[in-house]
Amino acid sequence: MENQVLTPHVYWAQRHRELYLRVELSDVQNPAISITENVLHFKAQGHGAKGDNVYEFHLEFLDLVKPEPVYKLTQRQVNITVQKKLSQWWERLTKQEKRPLFLAPDFDRWMDESDAEMELRAKEEERLNKLRLENQGSPETLISLRKGYLFMYNLVQFLGFSWIFVNMTVRFFILGKESFYDTFHTVADMMYFCQMLSVVETINAAIGVIKSPVIPCLIQLLGRNFILFIIFGTMEEMQNKAVVFFVFYLWSAIEIFRYPFYMLCCLDMDWKVLTWLRYTVWIPIYPLGCLAEAVSVIQSIPIFNETGRFSFTLPYPVKIKVRFSFFLQIYLIMLFLGLYINFRHLYKQRRRRYGQKKKKTH
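Residues numbered from 1 in each chain as written. Predicted model: local features only at pLDDT ≥ 70, side-chain atom pairs only at ≥ 80, totals over all residues. Heavy atoms only, no water.

Per an unreviewed UniProt entry, the protein goes by Very-long-chain (3R)-3-hydroxyacyl-CoA dehydratase and derives from Microcebus murinus. The protein has a UniProt comment under Subcellular location (unreviewed entry) that states "Endoplasmic reticulum membrane". The Pathway (unreviewed entry) field of the UniProt record for the protein holds the comment "Lipid metabolism; fatty acid biosynthesis." (UniProt positions renumbered as here; feature names shortened; annotations may be inferred.)

A.B. asks: Can you break down the overall build of the protein residue by residue, with the values?
C.D. replies: Of the regular secondary structure elements, the protein holds ten helices and eleven strands. In terms of overall dimensions, the protein is more spread out than a globule: its C-alpha atoms have a radius of gyration of 28 Å, far above the 21 Å expected for 362 residues. Its C-alpha atoms give the protein principal-axis dimensions of about 90 × 55 × 45 Å. The buried share among the 362 residues of the protein stands at 41%. (Helix = DSSP H or I, 4+ residues; strand = E, 2+ residues; numbered from the N terminus. Rg over C-alpha atoms; globule rule 2.2 N^0.38 Å. Buried < 20%, exposed > 50% of the residue type's maximum accessible area, 1.4 Å probe, protein only.)

A.B. asks: So what's going on with the packing of helix 7 (residues 243-266) against helix 8 (residues 272-280)? Which residues, and what values?
C.D. replies: Close contact between helix 7 and helix 8 brings their axes to 9 Å; oriented N to C, the two are set at 130°. When the axes of helix 7 and helix 8 are compared, the pair comes out oblique. The hand of the helix 7/helix 8 crossing is left-handed. Contacts from Phe257, Arg258, Pro260, Phe261, Tyr262 and Leu264 in helix 7 reach Leu274, Thr275, Leu277, Arg278 and Tyr279 in helix 8. (Axes fitted to C-alpha atoms, helices over the stretch in contact; angles between N-to-C directions. Parallel < 35°, antiparallel > 145°, perpendicular 65-115°, else oblique. Left-handed = near helix turned anticlockwise from the far one by under 90°. Contact = heavy atoms within 4.5 Å.)

A.B. asks: I'd like a rundown of the side chain of Asn342, residues and numbers included.
C.D. replies: Tracing the sequence through the fold places Asn342 in helix 10 (residues 324-354). A distance of 2.8 Å separates the side chain of Asn342 from the side chain of Tyr286, its partner in a polar contact. Each residue touching Asn342, except ones within four places of it in the same chain, is listed here: Pro216, Ile219, Gln220 and Tyr286. (Polar contact = N/O pair within 3.5 Å; in protein donor to acceptor, adjacent residues only side chain to side chain.)

A.B. asks: Please set out the pattern of salt bridges residue by residue, giving values where relevant.
C.D. replies: A complete count under the given rule lists twelve salt bridges for this structure. A salt bridge links Arg258 to Glu255, with the shortest nitrogen-to-oxygen separation between them at 2.6 Å. Residue Arg258 and its partner Glu255 are both found in helix 7; the two are separated by three residues, about one turn of the helix. Judged by relative accessible area, Glu255 falls into the buried class, the value being 1%. (Salt bridge = Lys/Arg side-chain N within 4 Å of Asp/Glu carboxyl O.)

A.B. asks: Before we move on, can you summarise a nonpolar patch on the surface with the specific residues and values?
C.D. replies: The grouping of Phe312, Leu314, Val318, Ile320, Phe326, Phe327, Ile330 and Met334 at the surface amounts to a nonpolar patch, some 700 Å² of accessible area in total. The element contributing the most residues to the nonpolar patch is helix 10, with four residues. Position of Phe327 among the secondary structure elements: in helix 10. (Patch = residues over 30% accessible without salt bridge, like charges linked within 9 Å, V, L, I, M, F, W, Y side chains within 5 Å. Areas by Shrake-Rupley, 256 points an atom, 1.4 Å probe, with all protein chains shown as cover.)

A.B. asks: So what's going on with the sheet that holds strand 3 (residues 18-23)? Which residues, and what values?
C.D. replies: What the five strands build is an open sheet, ordered 7-8-3-2-9; its pairing is mixed. This sheet does not close on itself; its edge strands, each paired only once, are strand 7 (70-73) and strand 9 (103-105). The sheet shows a mean angle of 25° between the axes of neighbouring strands, taken without regard to direction. Alignment of strand 2 (residues 10-14) against strand 9, held across three bridges, turns out to be parallel. Bridge pairing in strand 9 places Tyr11 opposite Ala104. (Pairing = 2+ DSSP bridges.)

A.B. asks: So, the UniProt feature "transmembrane region" (unreviewed entry) in the protein: which residues are in play, and what are the values?
C.D. replies: In the numbering adopted here, UniProt assigns the feature "transmembrane region" (unreviewed entry) to residues 150-170, 241-261, 281-304 and 324-343. Measuring from the first to the last C-alpha atom of residues 324-343 gives 28 Å, for a span that is 100% helix and 0% strand.

A.B. asks: Before we move on, can you summarise the environment of Glu126 with the specific residues and values?
C.D. replies: Note that Glu126 resides in helix 1 (residues 113-136). When the C-alpha positions of Glu126 and Met263 are compared, they lie 21 Å apart, and in sequence the two are 137 residues distant.

What follows is the structure, encoded as structure tokens:
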């Protein structure tokens, strides 16, 4: 029926500062779009689900917005951007709890709150970096220096972990299981070097040289160095155990794919096989590495109890002996908490790289 007033399909998404509305109408000219008393009013002649008709809708927003909507017409739709008055995340779009039938999430632009926060931080970081570069000198020169520095750091780490991985692999094929028991004395010096150098990676994240979040970098740095320097480094009884082989081998197995991937990123190159390995190989190896670390901690507990190393007695009048094994048991809990945090971080990285299956969201 001609000139019948109908409601178009509307899809929405949000960021902390903006709302995005996509109205499924084609061949629209001069639409009437306004915001009064925090209610968006839309009316336009166009071709929608019910043919060529007048379509209109009204949406009362959950919170305050600026009354100046910006819209852009395309051949197939009308895109509307509305600025929030306060930068915050909304639990829904409309004041009424029940979602209108014509309204649905825009999965092409949809993000959850944590992803939107990361995007917001990235934009803010990009803006600050741009201001910093404008004040410091030529952007091209600084970017080249940054890429050169990161390339050399990743190259050194790649060579170090590759040496460890190849050395352990060759010794295993030659000596078999016998190679398990002298792993520490064979490759510990190089592992010490690589793990001490990895402090630079956390510093790079903290000062903004790289875009990686600080917490996952810090968790991995502290966790690995605790195992290397405290569990293995201070206890000779642990250095001859087979678990050292598995910890070192799993650590290096991840890094021989991660560091060359970062090297190619510094050169603006993308080798799809290496990229897939970097975002996939951690799925089995990372939990196995954490399991090997947990086994090493469990095996060290009776040794620390027997030797009394790092244990201490509380002063008078308590006079209670606190065994270091108590802290090791707490560390085991923290180890698996760190596994969850880093696994979630790595999974989100992989999801952003390769996409995810869209789910219906109300």
